[in-house]
Amino acid sequence: MATKRIVLFDEIRGAMIWCVVLYHLLYDLVYLFAVDIPWFGSAWPEWWQETVACLFIFISGCCCYFSRNNILRGLRLLIIAALLSTATYLVMPQQMISFGIIHLLSLSVLIFALGRPLLSFIPPPFIMLGGLLLYYVTFPVCNGYLQFGTWNYSLPETWYQNSCWFWLGFPTANYYSADYFPLLPYLWIFLSGCGLGAYRSKDDYPFWAYQTHSKFLAFCGRNSLWLYLVHQPLLLAILSLIW
């Protein structure tokens, strides 16, 4: 059944990609060009980065219902992620991205494509709320435990001694990626977005979600992948000319 494009998703994604650009500008200034920005050393930038990333991942999950072939889309993202890792390793090995947000999205899209028949049996509100709850529980997996309110459950140390499981959320002590978004906990944010996106098949969104509020943000949202790929080289080139 034909459905209308939800322009609001494009606009939110466009706004988020510019937040990413601003964050990386500050990151480059502080850590690559030694510019003193005291605020960037506080906890607020970490919360800012997490919020922007989660919104971007959530909207990406919603938009799975826009794609006619998520298998092809996921494989394309996987190839781009591999090229990104190779490029960062060759150009800036100290800032290599071994499993960043593009890697996460590629596997998440493929998981959604394979699991979509199963998800169709689960009411969308359960998917949304369940995904958010599991994100909260598994948020500290990279640090070796799960959280249940004020009680924490430590995970086996052996899970963090195999260098092959970094993509899942179990990095070794010496693992590093300049941009790190493992499946746990971020797959749950993606699937939570899929729960919201499930309503698209019935055109159940409010009318204003289909209207264009900012052509610029909508354009950026539709081209967010390419903006993400080119923004950091451009920032580094510009900053290198200034400094």
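Let us look at the structure shown here.

### Concerning the packing of helix H1 (residues 7-32) against helix H7 (residues 215-222)
No. 1: Two numbers describe how H1 lies on H7: the axes approach to 6 Å, and their chain directions differ by 80°. The orientation of H1 relative to H7 falls into the category roughly perpendicular. Across the interface between the two elements, Val7, Asp10, Glu11, Arg13, Gly14, Ala15, Ile17 and Trp18 of H1 pack against Phe216, Leu217, Ala218, Cys220, Gly221 and Arg222 of H7.
No. 2: Class assignment of the residues belonging to the contact of H1 with H7 gives a composition of 8 nonpolar, 2 polar and 4 charged.

### Digging into the nonpolar core
No. 1: Core analysis: the largest hydrophobic core is formed by 53 residues, its most contacted members being Phe9, Ile57, Ile101, Ile102 and Phe190.
No. 2: Looking at this core, the elements with two or more residues in it are H1, helix H2 (44-62), helix H3 (70-91), helix H4 (101-119), helix H5 (124-138), helix H6 (183-197) and helix H8 (224-242).
No. 3: In this structure, Val137, Val141, Tyr160 and Leu184 belong to the second largest nonpolar core, which totals 7 residues.

### Side note on H5
No. 1: With 15 residues, H5 should cover 21 Å at 1.5 Å per step; its first-to-last C-alpha distance of 21 Å lies within 8% of that length.
No. 2: Within H5, the full set of buried residues consists of Ile127, Met128, Gly131, Tyr135, Val137 and Thr138.
No. 3: Here the buried face of H5 lies against H2, H4, strand E1 (145-148) and H6.

### What to know about the pattern of salt bridges
No. 1: Inspection of the entire model under this criterion finds 1 salt bridge.
No. 2: When the shortest N-O distance is used, the salt bridge between Asp10 and Arg13 registers 3.3 Å. Pair noted here: Asp10 and Arg13 are both in helix H1, with a separation of 3 residues, about one helical turn. Assigned by exposure class, Asp10 and Arg13 land together as buried.

### Some remarks on the state of the cysteines
No. 1: Taken as a whole and judged by the stated rule, the model has 0 disulfides.
No. 2: Distance from the sulfur of Cys19, which forms no disulfide, to the nearest cysteine sulfur (Cys220) is 12 Å.
No. 3: For Cys19, a relative accessible area of 24% gives the class partly exposed.
No. 4: Free cysteine Cys54: the closest other cysteine sulfur is in Cys142, separated by 12 Å.

### Comments concerning the side chain of Asp179
No. 1: When you line up the elements, Asp179 lands in the loop between strand E2 (151-154) and H6.
No. 2: With no salt bridge to any partner, buried Asp179 finds its closest opposite charge in Arg13, at an N-O distance of 15 Å.
No. 3: In this view, Asp179 contacts Ile97, Phe99, Gly100, Ile101 and Tyr228; residues no more than four positions away in its chain are not counted.

About the cut-offs
Residues numbered from 1 in each chain as written. Predicted model: local features only at pLDDT ≥ 70, side-chain atom pairs only at ≥ 80, totals over all residues. Heavy atoms only, no water. Axes fitted to C-alpha atoms, helices over the stretch in contact; angles between N-to-C directions. Helix = DSSP H or I, 4+ residues; strand = E, 2+ residues; numbered from the N terminus. Parallel < 35°, antiparallel > 145°, perpendicular 65-115°, else oblique. Contact = heavy atoms within 4.5 Å. Nonpolar A, V, L, I, M, F, W, Y, C, P; charged D, E, K, R; others polar. Core = buried A, V, L, I, M, F, W, Y, C linked by side-chain atoms within 4.5 Å. Buried < 20%, exposed > 50% of the residue type's maximum accessible area, 1.4 Å probe, protein only. Expected span 1.5 Å × (residues − 1). Salt bridge = Lys/Arg side-chain N within 4 Å of Asp/Glu carboxyl O. Disulfide = S-S within 2.5 Å. Lys, Arg positive; Asp, Glu negative; His and termini not counted.

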